[in-house]
Amino acid sequence: MSDVGAMRILLDVDKCIAVGQCLLAAPKVFDLDDSGIVVLLDSMPPESERPAVMNAITRCPADVISLAQD
Ligand code: SF4
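Starting from 1, residues in each chain are numbered consecutively following that chain's sequence as written. Predicted model: local features are reported for residues with pLDDT of at least 70 only, side-chain atom pairs are reported and counted for 80 or more only, and whole-chain, interface and lining totals are derived from all residues.

Description of the site of the ligand
Phase 1: Near, for a residue, is defined by distance from a backbone-placed C-beta atom to a molecule or strand, with 6 Å as the limit that must not be exceeded. Lining the immediate surroundings of the ligand are 13 residues, of which Cys16, Gln21, Cys22, Cys60 and Val64 lie closest.
Phase 2: Gly is put with the polar residues, along with every residue not named as nonpolar or charged; the nonpolar set is Ala, Val, Leu, Ile, Met, Phe, Trp, Tyr, Cys and Pro, and the charged set is Asp, Glu, Lys and Arg. Grouping the amino acids of the shell around the ligand by side-chain chemistry returns eleven nonpolar, two polar and no charged.

Next comes the structure, spelled out in structure tokens:
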């Protein structure tokens, strides 16, 4: 079976230290609020965003972002 299911993004916002790496990596998926804390623009982005999201997960120094698989 090749169906990997939809990508669903989870944020542990309380751990965000507002460095903005997620926004740089995946600007269609993440934004920052006025305090620099991450905001999720798209909790279920298309498969085409997967590399950018994985890059954001790798670059986030505070382990805020994770993926759930339904
Ligand atoms: S990269 Fe991580 S710590 Fe930095 S703003 Fe994004 S979620 Fe927050």
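Still to come is the rest of the account.
Observations regarding the environment of Leu41
Phase 1: Looking at the element boundaries, Leu41 is found in the loop between strand S3 (38–40) and helix H2 (50–59).
Phase 2: Beyond its immediate sequence surroundings of up to four residues, Leu41 is in contact with Lys28, Val29, Phe30 and Asp31. Helix and strand labels come from DSSP, where a helix needs a run of H or I of at least four residues and a strand needs a run of E of at least two; each type is numbered from the N terminus. Here, residue contact means that the backbone-derived C-beta atoms of the two residues sit within 7 Å.

Quick look at the nonpolar core
Phase 1: Note on terminology: a nonpolar core is a set of buried residues of type Ala, Val, Leu, Ile, Met, Phe, Trp, Tyr or Cys, with members joined through C-beta atoms within 7 Å. Burial is judged by counting other C-beta atoms within 10 Å of a residue's own C-beta: 20 or more means buried, 12 or fewer means exposed, and anything between counts as partly exposed, with every C-beta placed from the backbone. Among the nonpolar cores identified, the biggest contains 14 residues, and Cys22, Ala26, Phe30, Val53, Ala56 and Ile65 are the most heavily contacted of them.
Phase 2: Broken down by secondary-structure element, the contributors of at least two residues to this core are strand S1 (7–11), helix H1 (21–25) and H2.
Phase 3: Not counting chain neighbours up to four residues away, the residues in contact with Ile65 comprise Ile9, Leu11, Cys22, Ala56, Ile57 and Cys60.

Structural notes on unusual backbone geometry
Phase 1: Located in the positive-phi region is Ala18, a residue other than glycine, with phi close to 60°.
Phase 2: Following the sequence through the fold, Ala18 ends up in the loop between S1 and H1.
Phase 3: For Ala18, a count of 11 C-beta atoms within 10 Å translates into the label exposed.
Phase 4: A positive phi is found at Asp63, a non-glycine position, where the angle reads about 60°.
Phase 5: Mapped onto the elements of the fold, Asp63 is located in the loop between H2 and strand S4 (65–69).
Phase 6: Owing to 10 C-beta atoms within 10 Å, Asp63 belongs among the exposed residues under this scheme.

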